[in-house]
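Descriptive structure summary
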Amino acid sequence: MDRTALPLVVALLLAICSLRRTGLAETIHCDLQPVDAEVTYITSQVSEGCVAQVPNATVEVHILFLESSRELSELELTIQKSKQNGTRPREVFLVLSAKKNVLLQLQAPGIPLYLAFNPKLIFQGHPGVNTTELPSFTTKSQLLAWADTKGSIASIAELNDPQSILLRLDQAPRSPSFCNLEPLMDMGHTLEWSPLTRASVRGCRLEGVLGHKEAHIVRVLPGPEAGPRTVTVKVELRCASGDPEAVLILQGPSHVSWLIDANHNMQIWTTGEYSFKIFPEKNIRGFVLPDTPQGLLGEARRLNASMVASFVELPLASVVSLQAHSCGGGGLQTSPPPVQTTPPPTESCNQELLLSLIQPKCSEDVMTVVLKKDLISTLQCTITSLTFSDPSCQAEDRDDQFVLRSTYSSCGMAVTENVVSNEVVVNLFSSSSLQWKKVHCINMESLSFQLGLYLSPHFLQASNTIELGQQGFVQVSMTPSIPELTLQLDSCQLDLGPEGDTVELIQSQTAKGSCVSLLSPGPGGDVRFSFLLRGYMVPTPTTGTLTCTIALRSRSLSPETHRTISMRLNIVSPGLPDKGLVLPAVLGITFGAFLIGALLTAALWYIYSHTRPPGKREPVVAVAAPASSESSSTNHSIGSTQSTPCSTSSMA
């Protein structure tokens, strides 16, 4: 045989083998069954929603409709302020509507947030923002019309079983100016969320292939809009026998690229382009893959995988996390699951969620724990007793809740210099063991708080008077200063009386308006800010009340403790008499009075000297000596009258 024809023969044989394998893959039956792999994801696609661009709005409104399949669920909501440098955060009006009970953990640092919610929402600790309950609405359109009166609607989203939500306040540049609801909306950068329910992960064995190579297939379904997108895929395989031989197959729309973060080496087979987290700049071109489940199973068979360890289909996501704990087929069900012969338990109390509802409220020398009965019933729990560590301190059984209450000096409270601690003991009907949860309060008895107004940034001398148009400097301090406790300013306002306005200075730990500035803390951790009082007001206020709400947080304990402090201020207008006269004004008035007096004296002398009767002049001419004597006497008399105040002027 001619040697030049040998490569052609080899290529022909490889092509035949490839076609043969493909044909076998099409005929192999693969019955997908649930496996123990876990897949979580973050997506920006919601069942219904919209995003609008509202650059000139003073208040932007965001609305979240929370749909849940559970009677009680937990939700972590994070609001992230705009990353644009030099821009002051705008006021945000957030509306949360939930049909079932939601235990909410809210994080909105540095954002002036106003929250409207319905009674189904339960806060974990103090929300730290201004809140109000939603009016009763029967339809979604009524709620949207009401929210439209609060400001410009920037986003609306309906989410099914959310576990965590990230809401970004950056402007969406390509969005319309009006929010018009659309089904299966991609919220883009504005909103990302993670569902509570896990994705359905299945697997199967591929017949006719020897070896232990396994395939992990992730199929990302196309979204409503086609645009460039990068999906981060995190893969973690934990195998007792070492790293398996594996292939990762990623299939999605053509505009999707992949950023892969895997904890071991594996073969990569993707559509579009992909790169690795350790070399994100190096993009590798992928392949054209089938866009059907059967086609992807055939692709795994063509890559000599003996089993599909995980197969999952997801909506358009930004982050996908895959964890497989059983490698080599240990997670696959080779036979039907055994039939359950014992009846399921009639009560499955969610003890972990129940204990999370135990949140003490701390007030003056009192710790209180409240558990609502409808929430306990929702969790399918039956409480037979609820006490502190001292069993004699039982909770009161009121109409719709259990109330456990005690002063800091009883019921087994452990009181230290800064913290009061105890334990809540729950006895459940379905459990033979007691459930314990530690609770804490910050001991406020030995702490005092001072609110001071200063008229200079040096904070040297406090004042209780401020002038319209003047800049004031406010300091909030705590005595004694305790390093493990952090003092934060939640809100501050200046009430100008019944005929004046209430000036918002600080809201949600954020300065309100351009005339308010948060300053660096003082040497002892004192909280400081400055504000400029408006120079013209009708009617002109004379007094005001400065009120601030502070939060005292411990670095290791929760919940936080809140305290409200206030002080009275006198407000004066520029130039009012009660301020007194300054030295230049006093000198000017004195000099003017002196000048007027001198001119009047000169005028009187002039009139006198020119209007004296002529008969009184004859003795001066007829009797020379006496006239000379009289004239001398008269001149001496007049000169002696003006000598002290005007001597210099008279001689001149």
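Definitions and cut-offs
Residues numbered from 1 in each chain as written. Predicted model: local features only at pLDDT ≥ 70, side-chain atom pairs only at ≥ 80, totals over all residues. Heavy atoms only, no water. UniProt positions renumbered as here; feature names shortened; annotations may be inferred. pLDDT = per-residue confidence, 0-100. Contact = heavy atoms within 4.5 Å. 1 Å grid on protein atoms, 1.4 Å probe; cavity = no way out; pocket = protein on both sides within 12 Å on 5 of 7 lines; lining within 4 Å. Points joined across faces, edges and corners; volume = space filled by probe spheres on them. Helix = DSSP H or I, 4+ residues; strand = E, 2+ residues; numbered from the N terminus. Buried < 20%, exposed > 50% of the residue type's maximum accessible area, 1.4 Å probe, protein only. Pairing = 2+ DSSP bridges. Polar contact = N/O pair within 3.5 Å; in protein donor to acceptor, adjacent residues only side chain to side chain. Core = buried A, V, L, I, M, F, W, Y, C linked by side-chain atoms within 4.5 Å.

An unreviewed UniProt entry lists the chain under the name Endoglin, with Vulpes vulpes as the source organism. Quoted verbatim from the Subcellular location (unreviewed entry) field of UniProt, the annotation for the chain is "Cell membrane".

Here we take up the confidence of the model for the chain. Of all residues in the chain, 81% have pLDDT values of 70 or greater, and the mean over the chain is 80. Here residues 4-25 scores under 50 on pLDDT; set against residues more than four positions off or in separate chains, the count is seven contacts. In this model residues 578-583 is a low-confidence stretch, pLDDT under 50, and it forms five contacts with partners more than four residues away in sequence or in other chains.

One water molecule sets the probe size; rolling that probe over the atoms shows where empty space is left. Considering only enclosed or pocket space, the second largest pocket measures out at about 740 Å³ in volume. Looking at the lining of the second largest pocket, the elements that each hand over two or more residues are strand 3 (45-51) and strand 13 (182-186). Counting residues per element, the lining of the second largest pocket draws most heavily on strand 13, which supplies three residues.

So, on to the pairing of strand 12 (residues 162-168). Of all seven residues in strand 12, five are buried, a share of seventy percent or more. As defined by bridge partners, strand 5 (residues 72-80) adjoins strand 12 across five bridges and the pair is classed as parallel. In the sheet register, I79 faces strand 12, and the bridge partner there is L167.

Burial of helix 3 (residues 293-302) is extensive: seven of the 10 residues sit out of reach of the surface. Residues of helix 3 that are buried include every one of G295, L296, L297, G298, E299, A300 and R301, and no others. Residue N304 follows helix 3 closely and has a positive phi angle near 65 degrees.

On to the environment of E207, then. Mapping E207 onto the fold places it in the loop between strand 15 (202-205) and strand 16 (214-220). When the C-alpha atoms of E207 and C30 are compared, they prove to be 7.9 Å apart, with 177 residues separating the residues in sequence.

A few words on the side chain of E158. Inspection of the secondary structure assignment puts E158 in strand 11 (residues 152-160). What makes E158 buried here is its relative accessible area of 15%. A polar side-chain atom of E158 sits 2.7 Å from a polar atom in the side chain of K140. When near neighbours in sequence (up to four residues on either side) are disregarded, E158 contacts V46, S47, E48, F65, E67 and K140.

Taken in spatial order, the six strands make up an open sheet running 35-43-42-37-38-39, and their pairing is mixed. On the outer flanks of this sheet lie strand 35 (465-467) and strand 39 (510-511), each paired with one strand and no other. Judged from the three bridges that link them, strand 35 and strand 43 (residues 561-572) form a sheet pairing that is parallel. Across the sheet, residue T465 finds its bridge partner in strand 43, namely N570.

Our focus in this paragraph is unusual backbone geometry. Cis geometry marks the peptide bond from T479 to P480, where omega comes out at -5 degrees. Take P480: it is sitting in the loop between strand 36 (471-479) and strand 37 (485-495). Although it is not a glycine, Q380 adopts a positive phi angle of roughly 60 degrees. Counting through the fold element by element, Q380 comes out in the loop between helix 5 (373-378) and strand 27 (383-387). Residue classification places Q380 among the partly exposed residues on the basis of a relative accessible area of 43%.

Attention now goes to the sheet that holds strand 15. Sheet architecture is open: six strands sit in the order 1-15-23-16-18-20, paired in mixed fashion. For this open sheet the edge positions go to strand 1 (33-34) and strand 20 (267-270), each flanked by a neighbour on one side alone. In terms of strand pairing, strand 16 meets strand 23 (residues 307-314) through seven bridges, oriented parallel. Following the sheet pairing, V218 is matched in strand 23 by V312.

The next thing to look at is the nonpolar core. Of all hydrophobic cores here, the largest spans 34 residues; its most connected members are F449, L505, F529, F531, L546 and L552. Going through the elements one at a time, strand 33 (448-454), strand 36, strand 37, strand 38 (502-507), strand 41 (527-532), strand 42 (543-554) and strand 43 are the ones with two or more residues in this core. Per-element accounting of this core gives the leading share, five residues, to strand 37. If near-sequence neighbours (up to four positions away) are discounted, L546 is found in contact with L451, V474, C492, Q493, L494, L505, I565, S566, M567 and L569.

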